[in-house]
Amino acid sequence: MKLNLSNPTTGMQKIVEIDDDKKLLPFFDKRMATEVAGDTLGEEFKGYVFRIGGGNDKQGFPMKQGILCNHRVKLLFKKGMSCFRERRKGCRKRKSVRGCVVGP
């Protein structure tokens, strides 16, 4: 799993790829906007607190806040909703998105 770590105060970003499932267990079954202690990822992140801001599944479907599951669902989107950009005025579209719960 790839983690994109960013610090908004300094503007620094770092991408970390973690293959060990034991280190990722604290992230599973957590919702978006939940804070997770960084101690589980290793010594270099001791004392940090990470907030889950979003993500994609393996096929690239984005996570959407408010869908309380860890699988894909199809929703009818309209103007103003996240994960949707209106192409024509008044157009609605049914799209697949992933729930806001992190899963394996």
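Above this text you will find the structure in question.
Residues numbered from 1 in each chain as written. Predicted model: local features only at pLDDT ≥ 70, side-chain atom pairs only at ≥ 80, totals over all residues. Heavy atoms only, no water.

Q: How should the nonpolar core be read in this particular structure?
A: Counting residues in hydrophobic clusters, the biggest one holds 17 residues, and the most contacted among them are Leu 3, Leu 5, Ile 18, Phe 27, Leu 41, Phe 45 and Phe 50. Sequence-distant contacts of Phe 45, that is, excluding residues within four places in its chain, are made with Leu 5, Val 16, Gly 38, Asp 39 and Phe 50. Ile 67, Cys 69, Phe 77 and Phe 84 belong to the second largest nonpolar core, which has five residues in total. (Core = buried A, V, L, I, M, F, W, Y, C linked by side-chain atoms within 4.5 Å. Buried < 20%, exposed > 50% of the residue type's maximum accessible area, 1.4 Å probe, protein only. Contact = heavy atoms within 4.5 Å.)

Q: Quick question: what am I supposed to make of the pairing of strand β1 (residues 2–7) here?
A: Each regular strand displays side chains that alternate between the two surfaces of the sheet. Sheet topology note: the β1/strand β2 (residues 12–17) ladder contains six bridges and is antiparallel. Residue pairing across strands places Ser 6 opposite Gln 13, the latter belonging to β2. Between the end of β1 and the start of β2, which pair antiparallel, lie four residues, with Gly 11 showing a positive phi angle near 80°. (Pairing = 2+ DSSP bridges. Helix = DSSP H or I, 4+ residues; strand = E, 2+ residues; numbered from the N terminus.)

Q: Would you mind going over unusual backbone geometry with me for this structure?
A: Comment: phi is negative for the bulk of residues other than glycine, and the bulk of peptide bonds are trans. The backbone of Asp 29 shows a phi angle near 65°, a positive value even though the residue is not glycine. Position of Asp 29 among the secondary structure elements: in the loop between α1 (21–24) and β3 (35–37). Unusually for a residue other than glycine, Cys 83 sits at a positive phi of about 70°. Cys 83 sits in the partly exposed class, given a relative accessible area of 26%.

Q: Is there a simple way to think about the packing of aromatic side chains in this case?
A: Working definition: an aromatic ring pair is given by the centre-to-centre distance plus the angle between the planes. Per the counting criterion, the structure on display carries three aromatic pairs. Relative to Phe 84, the ring of Phe 77 has its centre 6.2 Å away and its plane inclined at 20°; by these criteria the two rings are stacked. The residues Phe 77 and Phe 84 share a single accessibility class, namely buried. An aromatic cluster is present here, built from Phe 45, Tyr 48 and Phe 50 joined pairwise through their rings. (Phe/Tyr/Trp six-rings, centres within 6.5 Å; stacked < 30°, edge-to-face > 60°.)

Q: Please explain the environment of Arg 51 as it appears in this structure.
A: By secondary structure assignment, the location of Arg 51 is in strand β4 (residues 49–51). Put simply, Arg 51 and Cys 100 are 49 residues apart on the chain and 13 Å apart in space, counted from C-alpha to C-alpha. Those residues in contact with Arg 51, other than ones at most four positions away along the chain, are Ala 33, Thr 34 and Glu 35.

Q: Which parts of the structure should I look at to understand the pattern of salt bridges?
A: Opposite charge on two side chains permits them to pair, given that their charged atoms come into close proximity. If you walk through the whole model with that rule in mind, you get two salt bridges. Residues Lys 14 and Glu 44 are paired through a salt bridge, measuring 3.6 Å at the closest nitrogen-oxygen approach. In this pair, Lys 14 is assigned in strand β2 and Glu 44 in the loop between β3 and β4, connecting sequence segments 30 residues apart. Measuring nitrogen to oxygen at the nearest pair gives 3.1 Å for the salt bridge that ties Asp 57 to Arg 72. (Salt bridge = Lys/Arg side-chain N within 4 Å of Asp/Glu carboxyl O.)

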